[in-house]
Amino acid sequence: MTRFRIVLLSSVVLATSSAAAQSTSSSDATVSAKARAIHDSAIVVDTHADTPQRFLDEGFDIGSTDPNDVGHISLDKARRGNLGAEFFSIWVDPATNQGHFARHTFDLIDSVYEQAARHPDRMMMAFSVADIERAHKEHKLAALMGIEGGHSIENDMHLLRDYYRLGVRYMTLSWSNTNEWADSSGDINDSKVEHHNGLTDFGKQVVLEMNRLGMMVDISHVADKTFWDAIATTKAPVIASHSSARALVDAPRNMTDDMLPAVAKNGGVVQVNFFSGFDDQSYWDASRAQAKERDAAIEAFVAKKKAEGQPVTYLDTDRIEREWTAKLPRPSFKVLIDHIDHIAKVAGIDHVGLGSDFDGVSGATPQGMDSAADLPKITQALLDRGYSADDIKKILGGNLLRVFRQVETVSRELQTQSH
């Protein structure tokens, strides 16, 4: 969830339904038969979509065929884009869920299961690489889950294990908020927040327990020192579930050119974020320039709702953000490919993938990337830059599956040793 009420809140472009329809209808025309064949033969894996917020707050049905739906993910859109596996983000807003992080975490997990139960012919819960491969053979969307923010475990290792038992297969060590054991990039410069100089001893224990369980360690959102502590601690490859390259856009959420080779040495993978602010410097700068006014508008709205005794949902603030940054021009599709290209060059072709942040950026994605239906355009763009079919398939999902498989292997080894 690239929402920044804590710092530099993400901005948006209002994607009208007609524009989305035009993009979808034109996507086939812009993708060659060769690119389509490569794309359709791959297991496409996306490691970050915030659609559970819609399931829970909006009652959204992933089987929706509403032509006016501006969301990024539906079963139809996934099918058109040959999306094979989606890690649905279990993100608990720390500001509005004080005192009950775990309860909201469980509610979001439940919402994913409910969608899979509603559409058993087109979607299935998945907990392993083998499950993803089986879903692919059965032409179903493999639904996985990743917790976005270590605050969800409420400093309790028992909860971490419970989440794993329920199917959570990665956890982002921090969201935009520093928790009691991991510093975040989102508030690292806020003197009012107590920081730990990276991971605490308990935080390192969390990483090792995730290794033992077989839960991928996600270092998106974390402060730089937290990243280095995680790399030094983990016994399994890490992932950055939705991060781009800081050399191209100077956002603290992006990965530096020192971090990228470190992820490669660790055997991990960096999944490129589709948020315009992380992919285009001009957009990032424009978003920051309007942040003060936009945040004030959101705060005023929240205060009004509270005064009226009404709850405030993610969708309420999402609508405001869409209105605010309809004013910002969307960057070209090229910027997204530039980040994939850069990470492939610096970290290596085996260490880059896709972490869209679909449904978590209020529609603020580059031109031509309006939903999961547009994923084949990435294959076409990579083909145009000279990438081979085998390398494209690695980026589309092969690299993530390799890392996931290695995390499973390390888990089995560690559990054998402990017995």
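Residues numbered from 1 in each chain as written. Predicted model: local features only at pLDDT ≥ 70, side-chain atom pairs only at ≥ 80, totals over all residues. Heavy atoms only, no water.

S.K.: Where do I start with the pattern of salt bridges in this structure?
M.R.: Opposite charge on two side chains allows them to pair when their charged atoms are near. By the definition in use, this model includes 27 salt bridges. For Arg134, the salt bridge identified is with Asp131, shortest N-O distance 3.0 Å. With Arg134 and Asp131 both in helix H6 (residues 129-137) and three residues apart, the pair spans about one turn of that helix. We note a salt bridge from Glu209 to Arg212, for which the minimum N-O separation is 2.8 Å. Placement of the pair is Glu209 and Arg212 together in helix H8 (residues 201-213), with a separation of three residues, close to one helical turn. For Glu209, a relative accessible area of 11% translates into the label buried. (Salt bridge = Lys/Arg side-chain N within 4 Å of Asp/Glu carboxyl O. Helix = DSSP H or I, 4+ residues; strand = E, 2+ residues; numbered from the N terminus. Buried < 20%, exposed > 50% of the residue type's maximum accessible area, 1.4 Å probe, protein only.)

S.K.: What should I look at first to understand the side chain of Asp357 in this one?
M.R.: Turning to its location among the elements, Asp357 is positioned in the loop between strand S9 (352-354) and helix H16 (376-384). Here Asp357 is buried and forms no salt bridge, its nearest opposite-charge partner Arg253 lying at an N-O distance of 4.7 Å. Side chain to side chain, Asp357 and Asn273 meet in a polar contact 3.3 Å long. (Lys, Arg positive; Asp, Glu negative; His and termini not counted. Polar contact = N/O pair within 3.5 Å; in protein donor to acceptor, adjacent residues only side chain to side chain.)

S.K.: Just to check I follow, could you spell out the packing of aromatic side chains for this structure?
M.R.: Think of a pair of aromatic rings as described by two things: how far the centres are apart, and how the planes are tilted against each other in angle. Inspection of the entire model under this criterion finds 13 aromatic pairs. Ring geometry for Phe87 and Tyr170: centres 5.6 Å apart, planes at 35 degrees, overall tilted. Within this pair, whereas Phe87 is found in strand S2 (residues 83-90), its partner Tyr170 is found in strand S5 (residues 168-172), the two being separated by 83 residues in sequence. An aromatic cluster is built from Phe275, Phe278, Tyr283 and Trp284, whose rings are joined through pairwise contacts. Above the face of the Phe60 ring, Arg54 is positioned so that its terminal group lies 3.8 Å from the ring centre. (Phe/Tyr/Trp six-rings, centres within 6.5 Å; stacked < 30°, edge-to-face > 60°. Lys NZ or Arg CZ within 6 Å of the ring centre and 35° of its normal.)

S.K.: What is the right way to look at empty space enclosed by the protein in this model?
M.R.: Any empty space left between the atoms is revealed when a probe the size of a water molecule rolls over them. What the rule picks out here adds up to two cavities of 30 Å³ or more. Of the volumes computed, that of the largest cavity is approximately 60 Å³. Lining the largest cavity are 13 residues, and of these Ile219, Val222, Arg253, Asn254 and Met255 lie nearest its centre. Its residues placed into classes, the lining of the largest cavity shows six nonpolar, four polar and three charged. (1 Å grid on protein atoms, 1.4 Å probe; cavity = no way out; pocket = protein on both sides within 12 Å on 5 of 7 lines; lining within 4 Å. Points joined across faces, edges and corners; volume = space filled by probe spheres on them. Nonpolar A, V, L, I, M, F, W, Y, C, P; charged D, E, K, R; others polar.)

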